[in-house]
Amino acid sequence: MLRFFKSKKHKVENKEIEIDRNNIPKHIAIIMDGNGRWAKEKKLPRTMGHRAGVESIRRIIKESHVLGIKYLTLYAFSTENWKRPKDEVGALMKLLVEYLRNEIGELNANGVVIKILGDTTKLADDCQKEIKDAVELTKDNKGVVVNIAFNYGGRDEILRAVKAVSKDVEKGIINLDDITDDIFESYLYTKGTPDPDLIIRPSGEKRISNFLLWQCAYSEFWYSNVNWPDFKEKDLHRAIYDYQNRDRRFGGV
Ligand code: IPE
Ligand code: IPE
Ligand code: MG
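Here the structure is a predicted model, which means the values were calculated and not measured. (Residues numbered from 1 in each chain as written. Chains lettered and ligands numbered in written order. Predicted model: local features only at pLDDT ≥ 70, side-chain atom pairs only at ≥ 80, totals over all residues. Heavy atoms only, no water.)

## Some details on the site of ligand 1
Here is the rule: Nearness is defined per residue: one heavy atom within 4 Å of the molecule or strand is enough. Whenever a nitrogen or oxygen atom comes within 3.5 Å of another N or O atom, the pair is scored as a polar contact, on the condition that within protein one atom can donate a hydrogen and the other can accept it, and that pairs from neighbouring residues in sequence are kept only if both atoms are in side chains. For the area figures, the Shrake-Rupley method with a 1.4 Å probe applies, and any residue is considered shielded solely by the protein chains shown. Where helices and strands are cited, they refer to DSSP runs of H or I of at least four residues and of E of at least two residues respectively, numbered from the N terminus. Under the convention adopted here, Pro, Cys and the residues Ala, Val, Leu, Ile, Met, Phe, Trp and Tyr are nonpolar, Asp, Glu, Lys and Arg are charged, and Gly plus all remaining residues are polar.
Taken together, 13 residues are adjacent to ligand 1, and D33, G36, R37, R46 and R84 come closest. In this structure, N35 approaches ligand 1 through a main-chain N or O atom, which is 3.1 Å from an oxygen atom. G36 is positioned with one of its backbone polar atoms (N or O) 2.9 Å from an oxygen atom of ligand 1. Surface burial for ligand 1 is 86%, taken as the share of its 380 Å² of free accessible area covered by protein chains. Contributing elements (two or more residues each) for the shell around ligand 1: α1 (35-41), α2 (46-67) and α3 (86-109). Looking at which element gives the most residues to the shell around ligand 1, the answer is α1, with three residues. Residue composition of the shell around ligand 1, by class: three nonpolar, five polar and five charged.

## Things to note about the environment of T138
Selection rule: Working rule for contacts: check all heavy atoms of both residues, and any pair within 4.5 Å makes them a contact.
Mapped onto the secondary structure, T138 falls in helix α4 (residues 125-138). Through-space distance from the C-alpha of T138 to that of T73 is 16 Å; in sequence the pair is 65 residues apart. If sequence neighbours within four positions are ignored, T138 has contacts with I104, N108, V112, V113 and I114.

## What to know about the packing of aromatic side chains
Between two aromatic rings, the relevant description is the distance of the centres plus the angle of the planes. Rule in force here: Aromatic rings from Phe, Tyr and Trp, taking only the six-membered ring of Trp, are treated as a pair when their centres fall within 6.5 Å; an angle between ring planes under 30 degrees marks them as stacked, one over 60 as edge-to-face, and anything in between as tilted. When a residue's accessible area, from a 1.4 Å probe over protein chains only, is under 20% of the maximum for its type it is buried; when over 50% it is exposed; and in between it is partly exposed.
Counted by the stated rule, this structure contains 10 aromatic pairs. On the numbers, 6.5 Å between centres and 15° between planes, the contact of F221 with Y223 is stacked. For F221, a relative accessible area of 29% gives the class partly exposed. For Y223, a relative accessible area of 31% gives the class partly exposed. Of the aromatic side chains, those joined through ring pairs into one cluster are Y75, Y152, Y189 and F211.

## Brief notes about the pattern of salt bridges
This is how the line gets drawn: Salt bridges, as used here, are contacts in which a Lys or Arg side-chain nitrogen is within 4 Å of a carboxyl oxygen on Asp or Glu.
If you walk through the whole model with that rule in mind, you get 23 salt bridges. Between R58 and E103 there is a salt bridge, and its shortest N-O distance comes to 2.5 Å. Residue R58 is located in helix α2, and its partner E103 is located in helix α3; the two are separated by 45 residues in the primary sequence. R248 serves as the salt-bridge partner of E220, at 3.8 Å between the closest nitrogen and oxygen. You can see E220 sitting in strand β6 (residues 220-223) and its partner R248 sitting in the segment after α7 (233-244), a full 28 residues away along the chain. When salt bridges that share partners are traced, they join D33, R37, R201, E205 and R207 into one network.

## Details of the environment of E185
Tracing the sequence through the fold places E185 in helix α6 (residues 181-185). Classification of E185 by relative accessible area gives partly exposed; the value is 24%. Separated by 24 residues in the primary sequence, E185 and A161 have C-alpha atoms spaced 8.2 Å apart. Those residues within four positions of E185 in sequence are excluded, and the remaining contacts are K191, D195 and W214.

## Focus: the sheet that holds β6
The condition is simple: Only strands that DSSP links by at least two bridges are regarded as paired with each other. A fitted line through C-alpha atoms serves as each axis, taken over the contacting stretch for helices, and the angle formed by two N-to-C directions is quoted from 0 to 180°.
Taken in spatial order, the six strands make up an open sheet running β3-β4-β2-β1-β5-β6, and their pairing is parallel. A strand with exactly one partner marks an edge of an open sheet, and here the two such strands are β3 (113-117) and β6. With direction set aside, neighbouring strand axes in the sheet form an average angle of 20°. Note that strand β5 (residues 198-201) and β6 share four bridges and pair parallel. Each bridged residue has a counterpart across the sheet, and for I199 the counterpart in β6 is F221. Across the sheet, α2 is in contact with β1 (27-31), β2 (71-78) and β4 (145-152); its angle to β2 comes to roughly 160°.

## Thoughts on the UniProt feature "binding site: Mg(2+)" (unreviewed entry) in the protein
The condition that has to hold: UniProt positions are given in the numbering used here, feature names are shortened, and annotations may be inferred rather than shown by experiment.
Sequence positions flagged by UniProt for "binding site: Mg(2+)" (unreviewed entry) are, in local numbering, D33 and E220. Turning to its location among the elements, D33 is positioned in the loop between β1 and α1. On the basis of relative accessibility, which here comes to 16%, the residue D33 falls in the buried class. In this structure, D33 is in contact with R201, P202, S203, E205, N227 and W228, ignoring residues within four places of it in sequence.

Structure follows, in structure tokens:
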């Protein structure tokens, strides 16, 4: 069935650039932005932009597999996106349900692990069920881990972690002085996931918009003017290529 990952002869170099296969970022996170502007340019409703964005998700998951990226985090709905008109919020929820329903078989067949970052308890029941099933079905897979950040906010994540840690201190499960970076991280949605090496934001905006605030401490940032529905494999290659030509110092020399 549906082996969209079958591409042994896949070339990672395009005309101008050649990616170093030995230095692929382990974790790439993407702020999937610009769906609305893409639709506006085409005189389509914003929801059509979101729909077109799903095609980019397909492309980029597939390409991540081909390139050997271990973790791919996709920012799909922020804790602030509830401010949008009700019908747009509804359309985004529906799109997530549809996406999981339609794609989970193929994703599973290709070893993808689906995880969700964010507070799913605020989502509609059918949405929660689809998420639960997708996570359960794929949890033992060995391929690309795809984290879908949905109703995710970096501040919300940190606050929750602070509360949970405080509770455990109160109960005597851990001592205040024993709280380290590692311990704290184990209370975040991203527990067990390495920090993103590279954060990509298409659409021309240059801000973090409450994404992975704790985890981005030493991430490399890469921006592009392309809107998310137009984001192609070659854009991912360019981002990785630029990443590979940077000097990550982590505070050292
Ligand atoms: C990103 O596209 C998708 C979500 C935030 C859910 P936008 O909908 O933000 O697109 P623009 O920024 O309005 O173009
Ligand atoms: C960030 O995009 C959230 C997602 C892509 C899911 P927004 O479009 O919501 O961010 P702002 O409002 O431009 O900062
Ligand atoms: Mg936007």
